[in-house]
Amino acid sequence: MRAHAIGALSLRYPTVALTALVLLACSLGGTAAASVQASKYLYAWAGAQNASLARDSLFVFSVAPGPDFGKLLNTVETGYNGLEPHHCRPSVTGRWLACSCLLAVFSKLPSIIFFSLADPAKPVMLRNVTLPAHSAVADELVATPDGGFFATMMANASGWTPGRVVRYDKNLKLLGEYPQDLSVLAPAPGFNPHGIGADFKHQTMLTADFLEPASSLVGNTLTFRKTARLWSLKNMSIIGTYVLPKTASTNGAMDAVAIGNTGGYYLTGGSGYLYYLNGKHGKKAVPEIVYDVGTRKTVSCILQPFRGGTRLLMALFALDRVLLLDTTIPRKPRILDIYQFPLGTGGHVVRISNDERLAAVATYFLELGAVGQIHYPGDCTIRFLRLNAQGTQFVRDEWPYTRSPVINFTDLFPGKGGFRTHGVAFL
Ligand SMILES: *[C@@H]1O[C@H](CO)[C@@H](O)[C@H](O)[C@H]1NC(C)=O
Ligand SMILES: *[C@@H]1O[C@H](CO)[C@@H](O)[C@H](O)[C@H]1NC(C)=O
Ligand SMILES: *[C@@H]1O[C@H](CO)[C@@H](O)[C@H](O)[C@H]1NC(C)=O
Ligand SMILES: *[C@@H]1O[C@H](CO)[C@@H](O)[C@H](O)[C@H]1NC(C)=O
Ligand SMILES: *[C@@H]1O[C@H](CO)[C@@H](O)[C@H](O)[C@H]1NC(C)=O
């Protein structure tokens, strides 16, 4: 009876239910991992390749283990083209889905779009949320414990420097655009935050500056950044700025994630290094290379830490590859397994399901077409990877479901043209 009630609750409030389950499991002496519910939905945030055939859209797939795995449940059209749909993330309450739009500012469209997940199978796009006034080019999102979000805004309101970090509360009220005092940026004015990780226990946050967005358009000089910034969440101010060693000037610092609640962070760019930064050292922290992929041109590297910070997935675009690392000792990550896709697949945003047994990889990175200078389309698929119960290996046995583990966005809708899916999120 109890388990059933918690299962029903988890439909709308996954994290709350998850905590309840973990507590229940602990009190019964079981292992937490065994009781965590599998995810039920996967959201795919995608741009239409041909604007005369379709609009940029959010797709909802069933990923509940069973006969419907991989089934397309719904398509929500935004009514827009040219957003360049980027990342997406649900709130911890499961009430909202926040979605970033990389190029929207150049067409005077919203840089960030929210969906209500009151019915998680049927997201409803909201049109009443206040947009940031001083910043644009939303990129990565962090779900805050209060049910709201942080979002990195890579640029100012016209696509250049400086960007901001914005905060929305649990009712999607815009609380602010940070830093509020821009004079703190004077020593390193290239503030174009892409990756963002937060440690709410230690009240710190780390952002990684990647590139100046408008510089990626034809006619401009492509300008990458290699700085990371440590923030205090108590006052939303920057307390330290660091330059990542050995990051090529043709390849910026891209992703930043918190390593559980250890106070430590990982950072990556396209130069093949994994960096560790101990946020507890504040201003005096030093980013250090703790793992080398072995090649200097991975193009991009997106990270997905597991909940407890003891595992890390790294998706390497140019190598068509996803790595699984043991990060139990954060300064000494250890490779556990490598999943190799066919040549030319790509591999960019990687996300893990609630029970940490299933990963989804969006293989598309960015194709700016005739107007831009970045051309990395990948094969425009979402690929599912299974993990064993210990999280030590990818499972390569026979795929257990009838639908393919590869969702092909090139032929998903005959008559609508292809879609480019960058953002994926489990609920
Ligand atoms: C987009 O679709 C229209 C209508 O089918 C077609 O005429 C056009 O060639 C397509 N454009 C591209 C770039 O494929
Ligand atoms: C915006 O619209 C949603 C859905 O209709 C509603 O739940 C929410 O309260 C509205 N927010 C504001 C600030 O009006
Ligand atoms: C954005 O920054 C650029 C230079 O960095 C500046 O020329 C432009 O006016 C700024 N845009 C706004 C809206 O402040
Ligand atoms: C913000 O808080 C941190 C401690 O968390 C402190 O070191 C810093 O001086 C504060 N900054 C401002 C501008 O108040
Ligand atoms: C996706 O579909 C397109 C069009 O049918 C096809 O050319 C391509 O090979 C497919 N990709 C994969 C990975 O199956």
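Overview of the structure. (Residues numbered from 1 in each chain as written. Chains lettered and ligands numbered in written order. Predicted model: local features only at pLDDT ≥ 70, side-chain atom pairs only at ≥ 80, totals over all residues. Heavy atoms only, no water.)

As summarised here, the arrangement of the 4 strands in space is β16-β17-β18-β19, forming an open sheet in which the pairing is antiparallel. Bordering the open sheet on either side are β16 (253–258) and β19 (288–292), each of which pairs with just one other strand. Averaged over neighbouring strand pairs, the angle between their axes works out to 30° when direction is ignored. One ladder, built from 4 bridges, connects strand β18 (residues 273–278) with β19; its direction is antiparallel. Looking across to β19, one finds that tyrosine 275 is bridged to isoleucine 289. (Pairing = 2+ DSSP bridges. Helix = DSSP H or I, 4+ residues; strand = E, 2+ residues; numbered from the N terminus. Axes fitted to C-alpha atoms, helices over the stretch in contact; angles between N-to-C directions.)

The next point concerns the side chain of serine 135. Within the secondary structure, serine 135 is located in strand β8 (residues 135–143). Using a relative accessible area of 4% as the deciding quantity, one classes serine 135 as buried. Here glutamate 177 takes part through its side chain, which lies 2.8 Å from a polar atom of the side chain of serine 135. With sequence-adjacent residues up to four places away left out, serine 135 is seen in contact with Met153, Ala155, Asn156, Ala157, Arg164, Val166 and Glu177. (Buried < 20%, exposed > 50% of the residue type's maximum accessible area, 1.4 Å probe, protein only. Polar contact = N/O pair within 3.5 Å; in protein donor to acceptor, adjacent residues only side chain to side chain. Contact = heavy atoms within 4.5 Å.)

The subject of this paragraph is the layout of surface pockets. Empty space within the largest pocket amounts to approximately 1,200 Å³. Forming the walls of the largest pocket are 39 residues, and the residues nearest its centre are Arg89, Val92, Ala143, Gln304 and Arg307. For the lining of the largest pocket, the secondary structure elements donating two or more residues are α2 (14–27), β4 (85–90), β8, β12 (193–199), β16, β20 (301–305), β24 (350–352) and β31 (419–426). Here the residues of the lining of the largest pocket are counted per class, giving 23 nonpolar, 10 polar and 6 charged. (1 Å grid on protein atoms, 1.4 Å probe; cavity = no way out; pocket = protein on both sides within 12 Å on 5 of 7 lines; lining within 4 Å. Points joined across faces, edges and corners; volume = space filled by probe spheres on them. Nonpolar A, V, L, I, M, F, W, Y, C, P; charged D, E, K, R; others polar.)

With 33 residues, the main nonpolar core has Leu313 and Val322 as its most contacted residues. Going through the elements one at a time, β8, β9 (149–156), β21 (311–316), β22 (321–326), β24, β25 (358–362) and β28 (381–387) are the ones with two or more residues in this core. One finds Ala54, Val63, Phe69 and Leu358 within the second-largest nonpolar core, a separate group that totals 22 residues. (Core = buried A, V, L, I, M, F, W, Y, C linked by side-chain atoms within 4.5 Å.)

Excluding glycine, a negative phi dihedral is what most residues carry, and trans is how most peptide bonds are arranged. Residue threonine 161 is joined to proline 162 through a cis peptide bond whose omega torsion reads 0°. If you trace the backbone, proline 162 turns up in the loop between β9 and β10 (164–168). Along the chain, tyrosine 178 connects to proline 179 via a cis peptide bond; the corresponding omega equals 0°. Inspection of the secondary structure puts proline 179 in the loop between β11 (174–178) and β12. Not every positive phi belongs to a glycine, and valine 299 is a case in point at roughly 70°. One non-glycine residue, glutamate 356, adopts positive backbone phi at about 60°. Within the element layout of this structure, glutamate 356 appears in the loop between β24 and β25.

The full set of residues close to ligand 5 is Asp379, Arg383, Asn408, Thr410 and Asp411. At 2.3 Å from an oxygen atom of ligand 5 is found a side-chain nitrogen or oxygen belonging to asparagine 408. In the environment of ligand 5, an oxygen atom lies 3.4 Å from a nitrogen or oxygen atom belonging to the side chain of aspartate 411. The protein chains hide 42% of the 360 Å² of surface that ligand 5 would expose on its own. (Near = heavy atom within 4 Å. Areas by Shrake-Rupley, 256 points an atom, 1.4 Å probe, with all protein chains shown as cover.)

With respect to the helices and strands, the residue glycine 417 is situated in the loop between β30 (406–408) and β31. Since its relative accessible area comes to 22%, glycine 417 is described here as partly exposed. Spatially, the C-alpha atoms of glycine 417 and alanine 315 are 27 Å apart, while their sequence positions differ by 102 residues. For glycine 417, the residues in contact, after removing those within four places along its chain, are Leu53 and Thr410.

The next point concerns the sheet that holds β8. Pairing is antiparallel in the open sheet, where 4 strands are placed in the order β8-β9-β10-β11. The open sheet has two edge strands, β8 and β11, and neither has a second partner. Sheet twist, expressed as the mean angle between neighbouring strand axes with direction ignored, is 25°.

Let's shift gears to empty space enclosed by the protein. The method is simple in principle: a probe with the dimensions of a water molecule rolls over the atoms, and the space it marks as empty is what remains. Taken as a whole and judged by the stated rule, the model has 2 cavities of 30 Å³ or more. Roughly 130 Å³ of internal volume is contained in the largest cavity. Lining the largest cavity are 16 residues, and of these Leu102, Met154, Phe210, Leu211 and Leu366 sit closest to its centre. Residues that form the lining of the largest cavity fall into these classes: 12 nonpolar, 3 polar and 1 charged.

Without other data, these values stay purely geometric and don't point to any function.
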